[in-house]
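Breakdown of the fold
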Amino acid sequence: MSAMTASERRQQIARLLSASQAPISATTLSQELGVSRQIIVGDIALLRAAGQEITATARGYVIPAQNGLLRRIACTHSAGETRDELDAMVDCGCTVVDVAVENPLYGELRGNLNLASRYDVDTFITQAANTPECLLSRMTGGVHLHTLSCPDETAYEHLLQLLRQRGFLVE
């Protein structure tokens, strides 16, 4: 059997990501496809340039879910309250798609999160504890935006009520 072409490899990456419920790291993809991690990173860039929606998260690449109600909210809290905020979001059935802050030099800076469960939140919080200076909200004194994918309007309204009660919602 002949070796896979670059185009075939990119198609296989897209298939693997589409079939996965969890993020897949570049290292895992490179092992699966028998190429270097750098080749995978380049393939992902080419897939994105061709219009494929692929998000890079701290745990790997994922194709974002297209179902649910997309909403954007403004929040504020201390770094020590991040887990409480994120847990409230996933407990209401929402996926925390990203976090964004306004930077005076660059404008809006966004970090992809794709947190859909307490396990995802735990992983993120552990990584944040190891690199606390990297939290985007530190640039703005705690004020930040989240894009959420919620299953329905009821879940979204329930989440707003929880965040309001905890003093996290900026209105």
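Our subject in this report is the structure included herewith. (Residues numbered from 1 in each chain as written. Predicted model: local features only at pLDDT ≥ 70, side-chain atom pairs only at ≥ 80, totals over all residues. Heavy atoms only, no water.)

Let's talk about the pairing of strand 5 (residues 107-115)
As paired strands, strand 4 (residues 95-103) and strand 5 are joined by seven bridges and run antiparallel to one another. Directly across from Val101, in strand 5, lies its bridge partner Leu109. Linking strand 4 to strand 5, which pair antiparallel, is a turn of three residues. (Pairing = 2+ DSSP bridges. Helix = DSSP H or I, 4+ residues; strand = E, 2+ residues; numbered from the N terminus.)

Examining helix 2 (residues 26-33)
Buried within helix 2 we find Ala26, Leu29, Ser30 and Leu33. Seen along its axis, helix 2 keeps its buried residues to an arc of 100 degrees; they face one direction. Of the exposed residues in helix 2, the ones pointing more than 90 degrees away from its buried face are Gln31 and Glu32. Looking at the buried positions of helix 2, the neighbouring elements they touch are helix 1 (6-19), helix 3 (37-49) and strand 2 (60-62). Two residues or fewer past helix 2, Gly34 is found with a positive phi of approximately 70 degrees. (Buried < 20%, exposed > 50% of the residue type's maximum accessible area, 1.4 Å probe, protein only. Arc of directions from axis to C-beta. Contact = heavy atoms within 4.5 Å.)

Quick notes on the pattern of salt bridges
Evaluated as defined, the whole model comprises twelve salt bridges. As a salt-bridge pair, Asp84 and Arg166 come within 3.1 Å of each other at their nearest N and O atoms. Of the two residues, Asp84 sits in helix 4 (residues 82-91) while Arg166 sits in the segment after helix 6 (153-165), which places them 82 residues apart along the sequence. Judged by relative accessible area, Asp84 falls into the partly exposed class, the value being 34%. For Asp98, the salt bridge identified is with Arg110, shortest N-O distance 2.7 Å. Within this pair, whereas Asp98 is found in strand 4, its partner Arg110 is found in strand 5, the two being separated by twelve residues in sequence. Judged by its relative accessible area of 40%, Arg110 falls in the partly exposed class. Where salt bridges share partners, they join Arg72, Asp98, Glu108 and Arg110 into one cluster. (Salt bridge = Lys/Arg side-chain N within 4 Å of Asp/Glu carboxyl O.)

A short note on the packing of aromatic side chains
Enumeration over the complete set of coordinates arrives at zero aromatic pairs. The ring of Tyr156 carries Arg71 above its face, with NZ or CZ at 5.6 Å from the centroid. (Phe/Tyr/Trp six-rings, centres within 6.5 Å; stacked < 30°, edge-to-face > 60°. Lys NZ or Arg CZ within 6 Å of the ring centre and 35° of its normal.)

Let's talk about the side chain of Ser30
Along the chain, Ser30 turns up in helix 2. Residues contacting Ser30, with those up to four places away along its chain left out, are Val35, Ser36, Arg37 and Ile40.

Considering the packing of helix 1 against helix 3
Direction vectors running N to C along helix 1 and helix 3 enclose 80 degrees, while the axes themselves pass 10 Å from each other. With respect to helix 3, the element helix 1 is oriented roughly perpendicular. Residue-level contacts link Arg9, Arg10, Ile13, Ala14 and Leu17 of helix 1 to Ile39, Ile40, Asp43, Ile44, Leu46 and Leu47 of helix 3. (Axes fitted to C-alpha atoms, helices over the stretch in contact; angles between N-to-C directions. Parallel < 35°, antiparallel > 145°, perpendicular 65-115°, else oblique.)

Quick notes on helix 6
In a regular helix each residue adds 1.5 Å, so 13 residues correspond to 18 Å; helix 6 covers 18 Å between its end C-alpha atoms and thus fits that length. Looking only at helix 6, the buried set comprises Ala155, Tyr156, Leu159, Leu160, Leu162 and Leu163. Take helix 6 and look down its axis: the buried residues cluster within an arc of 165 degrees, on one side only. Turned more than 90 degrees from where helix 6 packs its buried face, Thr154 and Gln165 sit exposed. In the core, the buried residues of helix 6 are packed alongside strand 3 (69-76), helix 4 and strand 6 (143-150). Positive backbone phi, at 80 degrees, marks Gly167, one or two positions downstream of helix 6. (Expected span 1.5 Å × (residues − 1).)

Such coordinate-based values are descriptive only and should not be taken to indicate function.
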